Amino acid sequence: MTDRPQLHLGAFMRPVSIHTGAWRYPGAYPNANFNFRHLKHFAQRLEAAKFDAFFMADHLAVLDMPVNALKRSHTVTSFEPFTLLSALAGATTRIGLVATASTTFDEPYHIARRFASLDHISEGRAGWNIVTTANPDAALNFGYEGQMDHDARYIRAREFYDVVTGLWDSFADDAFVRDVDRGIYFDPDRLHVLDHKGTSLSVRGPLNIARPVQGWPVIVQAGSSEPGRQLAAETAEVVFAAEPTLDSARRFYADVKGRAKAIGRNPDHLKILPAAFVVVADTIAEAQAQRTHLDSLVHYDSGIGSLNGMLGYDVSGFDPDGPLPDIPETNASKSARERMVRLARDEKLTIRQLAQKAGSYAGLAFVGTPASIVDEMEQWLGVGSDGFNIMFPWLPGGLDAFVDGVVPELQRRGLFRTEYAGTTLRDHLGLPRPANRFFPD
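Residues numbered from 1 in each chain as written. Predicted model: local features only at pLDDT ≥ 70, side-chain atom pairs only at ≥ 80, totals over all residues. Heavy atoms only, no water.

Participant: For this particular structure, what's the right way to read the pattern of salt bridges?
Facilitator: Any two side chains of opposite charge can pair, on the condition that their charged atoms come close. Counted by the stated rule, this structure contains 29 salt bridges. The residue R190 makes a salt bridge to D174 at a minimum N-O spacing of 2.9 Å. Of this pair, R190 sits in the loop between α6 (150-168) and β5 (196-197) while D174 sits in the loop between α6 and β5, and the two are 16 residues apart along the sequence. By relative accessible area, which is 15% here, R190 ends up buried. Taking the shortest distance from any N to any O, the salt bridge between D295 and R291 comes out at 3.1 Å. Remark: R291 and D295 occur in helix α9 (residues 284-296); sequence separation between them is four residues, near one turn of the helix. Relative accessible area serves as the criterion here: at 14%, D295 is assigned to the buried category. Judged by its relative accessible area of 13%, R291 is buried. Put simply, D169, D173, R211, R433 and R437 are held in one network by salt bridges that share partners. (Salt bridge = Lys/Arg side-chain N within 4 Å of Asp/Glu carboxyl O. Helix = DSSP H or I, 4+ residues; strand = E, 2+ residues; numbered from the N terminus. Buried < 20%, exposed > 50% of the residue type's maximum accessible area, 1.4 Å probe, protein only.)

Written out as structure tokens, the structure reads:
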């Protein structure tokens, strides 16, 4: 058994590729994002490669962009995550199944029931990606005239976490005695009524589902704003980070783990997995050529739509070959806005160039051979990351290249498992099963 740090791998699978040109790449499945047969095959391939988790992001509205950009998007139609992951739970046996669920427009009781159900259906493989929804069109879909303030969204999210985890603890693990002779199905003394009345939420409980297999599904979070970092330090067990360089990743890694330690958490129980866009080929030149061709498939309408969404501000009326103007503070995601503004300033990009990057992928990318990619991953491991949330450039070719090339190289160097050591997502990630707050014994 190797003593080397073990790298964790998630697969970012909704959309199946974040690159807006992915569905147009030669050999790609144009409908991969909305074809269950394809998605089942992808999940099974990832499981055979021993990935920790299959991750579905989610949106509660079509993307907030003009129709000329929207008509080019392969994400305009996507499966609802719980429906898909429940189906995939029956088609797989080990890989974790992680879904986004919003604390802004959903209710804690709904979220608690769905994830508890998924954890039982999958026999302990569920994970909850906590998000606060920034898309203003989502607010209109839920009866609101406008979006909740950024800081208010995080205040609600923190209370939401307490309520959901409290609902998961409604029953003690041994509550269901199912005594046929006495006719007693469960022990009422092992049931807790939450009766939460807080600043944003009022939820009586108890949850009408037994405690999840994992105690709680694994708690996942993304976001690098100040409120996002603090929420991650207090609640997350996995952080899907978005730092584009090793230097910035080192600072983020130290900051979030340091915050967790300061409040009494074990920082080893918080895994940080930056998003990594990976293009694999037999030579570095070939991989770079594939990336160049892929990026050439990004239409300007699509790129500028993506950029406006990230900025929370419409820059389409400015000279596309001029610099990015000063962008005012908005109610959109602050971390995405800051990344794009910083990229424009640091690389002195025009709006057209920045739009092309926004439509392709402007974050961390590993482009090269299996050996060169693993060389780079090793530099990050333990100082800027505990692994990566992999974004594939197109499907199925990009996924196959990673599974057939990078995974064996990681295994050869003793950096990644050759077999699953356990059956649950917590087992894969080396995370403890949380004690029940109401029934700790």
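Picking up after the structure, the text goes on.
Participant: Just checking my understanding: could you explain the nonpolar core for this structure?
Facilitator: Across soluble globular proteins, nonpolar side chains have a tendency to be buried as a group. Of all hydrophobic cores here, the largest spans 69 residues; its most connected members are F51 and F402. Aside from chain neighbours lying at most four places away, what touches F402 is L9, F51, V278, V280, M377, I390, F392 and V407. Ranked by size, the runner-up nonpolar core spans 26 residues in total, among them F12, V98, V279 and L294. (Core = buried A, V, L, I, M, F, W, Y, C linked by side-chain atoms within 4.5 Å. Contact = heavy atoms within 4.5 Å.)

Participant: Any chance you could explain the packing of helix α11 (residues 334-347) against helix α12 (residues 351-360) here in plain terms?
Facilitator: Describing two packed helices takes the angle between their axes plus the distance from one axis to the other. One can describe the packing of α11 onto α12 by two numbers: an axis separation of 11 Å at closest approach and a directional angle of 135 degrees. Here α12 runs oblique to α11, going by the angle between their axes. The chirality of how α11 crosses α12 is right-handed. Residue-level inspection shows M340, L343, A344 and E347 of α11 in contact with α12, the latter providing L354, K357 and A358. (Axes fitted to C-alpha atoms, helices over the stretch in contact; angles between N-to-C directions. Parallel < 35°, antiparallel > 145°, perpendicular 65-115°, else oblique. Left-handed = near helix turned anticlockwise from the far one by under 90°.)

Participant: Quick question: what am I supposed to make of helix α1 (residues 36-48) here?
Facilitator: Each α-helix winds once per 3.6 residues, and so residues spaced three or four apart point in a common direction. Helix length check: α1 (13 residues) gives 18 Å between terminal C-alpha atoms against 18 Å at 1.5 Å per residue, within 8%. Within α1 the residues assigned to the buried category are H38, L39, F42, A43, L46 and E47. Structurally, α1 contributes buried residues whose contacts are with β1 (8-12), β2 (53-56), α3 (81-89) and α14 (397-412). Just past α1, the residue K50 takes up positive phi, approximately 70 degrees. (Expected span 1.5 Å × (residues − 1).)

Participant: Is there a simple way to think about the sheet that holds strand β9 (residues 271-272) in this case?
Facilitator: Strand pairing in a sheet relies on backbone hydrogen bonds. The paired strands run either parallel or antiparallel. The parallel open sheet is built from 10 strands, whose spatial order is β9-β8-β7-β4-β3-β2-β1-β12-β10-β11. Two strands close off the open sheet at either side, each with one partner strand: β9 and β11 (365-368). Examined bridge by bridge, β2 and strand β3 (residues 96-102) share four bridges and lie parallel to one another. Within β3, the position partnered with F55 by the bridge is V98. Along the sheet face, α3 touches β2 and β3 and points at about 170 degrees away from the line of β3. (Pairing = 2+ DSSP bridges.)

Participant: Got a minute to help me understand the side chain of T20 in this structure?
Facilitator: By the element assignment, T20 lies in the loop between β1 and α1. A distance of 2.7 Å separates a polar side-chain atom of T20 from the backbone oxygen of G359. Those residues in contact with T20 that lie beyond four places of it in its chain are R72, V298, S302, S306 and G359. (Polar contact = N/O pair within 3.5 Å; in protein donor to acceptor, adjacent residues only side chain to side chain.)

Participant: I would appreciate a short explanation of the packing of aromatic side chains in the present structure.
Facilitator: By convention here, two paired aromatic rings are described through the distance between centres and the angle between planes. According to the stated counting rule, one finds 22 aromatic pairs in the structure shown. Between F51 and F402 the ring centres are 5.9 Å apart and the planes differ by 65 degrees, which places this aromatic pair in the edge-to-face class. Within this pair, whereas F51 is found in the loop between α1 and β2, its partner F402 is found in helix α14, the two being separated by 351 residues in sequence. Overall, the relative accessible area of 1% leaves F402 in the buried class. Ring geometry for F366 and F388: centres 5.4 Å apart, planes at 85 degrees, overall edge-to-face. (Phe/Tyr/Trp six-rings, centres within 6.5 Å; stacked < 30°, edge-to-face > 60°.)

Participant: It is not clear to me how the pairing of β1 should be interpreted in this structure. Could you clarify?
Facilitator: The buried count for β1 comes to five of five residues, which makes it a mostly enclosed element. Residues H8, G10 and F12 point to one face of β1 and L9 and A11 to the other, with burial holding for every one of them. Strand direction decides the pairing type here: β1 and strand β12 (residues 387-391), joined by four bridges, are parallel. Across the sheet, residue L9 finds its bridge partner in β12, namely F388. With three bridges connecting them, β1 and β2 associate as parallel partners. When the sheet's bridge partners are listed, G10 is paired in β2 with A53.

Participant: So what exactly am I meant to see when it comes to the pairing of β11 here?
Facilitator: Of the two faces of β11, only one is covered, namely that formed by F366 and G368; the face formed by A365 and V367 stays uncovered. Pairing of strand β10 (residues 275-280) with β11, which is carried by four bridges, proceeds in the parallel orientation. In the strand pairing of β11, V278 is matched with F366.

Participant: When you look at the environment of T83 in this model, what are you seeing that I'm missing?
Facilitator: Tracing the chain through its elements places T83 in helix α3. For the pair formed by T83 and Y253, sequence separation is 170 residues and the distance between their alpha carbons is 33 Å. For T83, the side chain forms a polar contact with the side chain of E80, separated by 2.7 Å.

Participant: Whenever I open this one, unusual backbone geometry confuses me. Can you help?
Facilitator: For residues that are not glycine, phi is negative in most cases, and the peptide bond is trans in most cases. Cis rather than trans, the peptide bond between R14 and P15 has omega equal to 0 degrees. Residue L395 is joined to P396 through a cis peptide bond whose omega torsion reads 10 degrees. Among the structural elements, P396 can be located in the loop between β12 and α14. Despite not being glycine, E123 has its phi angle at roughly 60 degrees, a positive value. Within the secondary structure, E123 is located in the loop between α4 (108-121) and β4 (126-131). The class for E123 is exposed, based on a relative accessible area of 61%.

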